Amino acid sequence: MRRKIISSLTAFALLTGGIAGIAGTVGYSSAKAAQDASNFKDVPASHWGATAIYSAVEQGYFKGYTDGTFKPGAPVTKAEMASILARLTDQPELPTPEPNNFTDVPEWAKSSVSTAIAKGFIHPSSYKGKLDAQAPLSRGEMAVWLTQGLSVVNSDYRQALSDVTNTVIPAKEYFTGKLADSHKNAIAVALGTGLMSVANDKTFGVYRTTTRAEVAVLIAGYASTAQTKPSDIQGLNELRQVGLTGTNLSVITKSFHKTPEKKILLSSNQKYEDVVTDDFSFVRNKDIVTLTNYADLKILNWIIVDTHVSNDKRSIYYPVFVDEGAKLQSGRHFSFVEFKLNIKSESMSQLQAGSLLGSATFNPLFSPRSKVFLSYGGPKISDYFAKTKAIFIVKNPVYWSEGLLHANSTTARTLTLETKGGTVFSINYTD
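Procedures and definitions
- Residues numbered from 1 in each chain as written.
- Predicted model: local features only at pLDDT ≥ 70, side-chain atom pairs only at ≥ 80, totals over all residues.
- Heavy atoms only, no water.
- Salt bridge = Lys/Arg side-chain N within 4 Å of Asp/Glu carboxyl O.
- Helix = DSSP H or I, 4+ residues; strand = E, 2+ residues; numbered from the N terminus.
- Buried < 20%, exposed > 50% of the residue type's maximum accessible area, 1.4 Å probe, protein only.
- Pairing = 2+ DSSP bridges.
- Axes fitted to C-alpha atoms, helices over the stretch in contact; angles between N-to-C directions.

1. As for the pattern of salt bridges
Tallied over the full model, the rule gives 12 salt bridges. Ionic pairing is found between Asp163 and Arg240, a salt bridge with its closest N-O pair at 2.9 Å. Here Arg240 lies in helix α11 (residues 234-245) and Asp163 lies in helix α7 (residues 155-163), a separation of 77 residues in the sequence. For Arg240, a relative accessible area of 10% translates into the label buried. In this structure, the salt-bridge partner of Arg314 is Glu324, at a minimum N-O distance of 2.8 Å. One end of the pair, Arg314, is in the loop between β3 (295-305) and α14 (318-321); the other, Glu324, is in the loop between α14 and β4 (332-343), and 10 residues separate them in sequence. Within the structure, one salt-bridge network assembled from shared partners comprises Asp156, Asp163 and Arg240.

This is the structure in structure tokens:
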């Protein structure tokens, strides 16, 4: 028993004392923390996380090592992260938290894990009795913990986690089909709020370990996000709207509205009030009436990017589809559409695909040609062509296309899509 007690105390000392770097010892003053932070040999002022690291140390979340380093690239374990989250004093607690039934949490961390559970960060029901507490915390699991915490702070964050279920996530893993459902919603909200971001290779890095520097930045980011209403965050609003309706149009521009009855031509058996809508969700993933009969066609998602707004008002999808600095003529927006085709003819060419809708906005002819889109690995029309000619060699291609949305009174046209079931999506530009 004495050996076990010594072992637990040693582990705690390693975390809170001078060897490891999670703070928590009595008498560790903010003045001493500030002095330590300013003296870290491996955290120069130019380090990308320097400010957050200094702040985290001053607030007592981290300590440095006895050799004068912070080790910003060192991994953080789940038990250590739970200890940090438990000390977020502004985080409310759940009225009836889940019980801490983990069997593998070291003695020094049990109380912190229980508190992190009570504050909503960790859901034991998502595990099978073991937290794997001593293992490094992955970025994917970090996203889950933080967004679960946000849902306790504001119920609208909980709703956001639901709203993004069918959204387009601006990370390479999403476009390449390597994002697990267990992480998808949390990563969408983490990216939508700006709490987390993709790396230079455009991946979120679901299974990469979370480092001490990242945690320092995330602590500051979490506090800021928790104080912000979800409805005030454009990126999150876009992800929610795409998840719910299939398009971010209403977030990017307020200039398109349901086409007035006098401006739309319907068949004699169609009543305007029964069939016409400006809600894209009614035509999303439905068979669309085409001009030619080469293929059946569905639209899975429709993304709008305005290149003329300031950086802080840019679409969250700008860096996915548009190269930095690219600008269209005034009154034009990029229109990126995800198509799903079912080719009915023996063979179909690229030009024949382009004839299906005859629309500059919903245009199956070309995929995005930007360098950034290529780096995200999104499916392109050319992925399905024969090697030497633009002829489809698969029957059911799914790919992204690039078109234009005219958004000025001179060039704007009524946009209309009709499903084979008779629903008509029709919007018109208004000043």
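Further notes follow.
2. Overview of the sheet that holds β3
Ordered in space as β3-β4-β5, the 3 strands form an open sheet in which the pairing is antiparallel. Here the strands that pair on one side only, and so sit at the sheet edges, are β3 and β5 (398-406). The sheet shows a mean angle of 30° between the axes of neighbouring strands, direction not considered. Across 10 bridges, β3 lies against β4 in antiparallel orientation. Along β4, the bridge assignment pairs Ile303 with Phe336.

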